[in-house]
Amino acid sequence: MMESAQTSSFDPIGPDELETIGRAFLHELQRRALPRKSEEAEALAAKLINAYQSGVRDDLGLSIVAGLS
């Protein structure tokens, strides 16, 4: 039973969600003139995914999170 409780709390990120996160990510990389393969880009991606999983689900909210990082 414990396994099913963990599974139900897992909220996978699907293709549409990845597209939303990706837009904010690419926009912020462009704004900062950062290469995609950099430590800063990795940190930004992690921050955006974490924000999304914490409930920030719209382009504007993710853009704000990206700009604050």
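As the structure is a prediction and not an experimental result, all values here were calculated from the model.

(A) Region of interest: the nonpolar core. Of all hydrophobic cores here, the largest spans twelve residues; its members are Ile21, Ala24, Phe25, Leu29, Ala41, Leu44, Leu48, Ala51, Tyr52, Leu62, Val65 and Ala66. Taken together, the elements giving at least two residues each to this core come down to helix 2 (15-32), helix 3 (39-53) and helix 4 (59-68). A per-element tally of this core places helix 3 first, with five residues. Ala66 has contacts with Ala24, Glu28, Arg32, Leu44 and Leu48, leaving out every residue within four places of it along the chain.

(B) View of the pattern of salt bridges. Going through the model one piece at a time under the given rule, you end up with four salt bridges. Arg23 serves as the salt-bridge partner of Asp59, at 3.0 Å between the closest nitrogen and oxygen. Remark: Arg23 occurs in helix 2 and Asp59 occurs in helix 4; sequence separation between them is 36 residues. According to the relative accessible area criterion, Arg23 is partly exposed, its value standing at 39%. Note that Glu28 and Arg31 form a salt bridge whose closest N and O atoms lie 2.6 Å from each other. Here the residue Glu28 and the residue Arg31 both occupy positions in helix 2, the gap between them amounting to three residues, near one helical turn. Judged by its relative accessible area of 53%, Arg31 is exposed. One salt-bridge network, in which partners are shared between bridges, spans Glu19, Arg23 and Asp59.

Conventions and cut-offs
Residues numbered from 1 in each chain as written. Predicted model: local features only at pLDDT ≥ 70, side-chain atom pairs only at ≥ 80, totals over all residues. Heavy atoms only, no water. Core = buried A, V, L, I, M, F, W, Y, C linked by side-chain atoms within 4.5 Å. Buried < 20%, exposed > 50% of the residue type's maximum accessible area, 1.4 Å probe, protein only. Helix = DSSP H or I, 4+ residues; strand = E, 2+ residues; numbered from the N terminus. Contact = heavy atoms within 4.5 Å. Salt bridge = Lys/Arg side-chain N within 4 Å of Asp/Glu carboxyl O.

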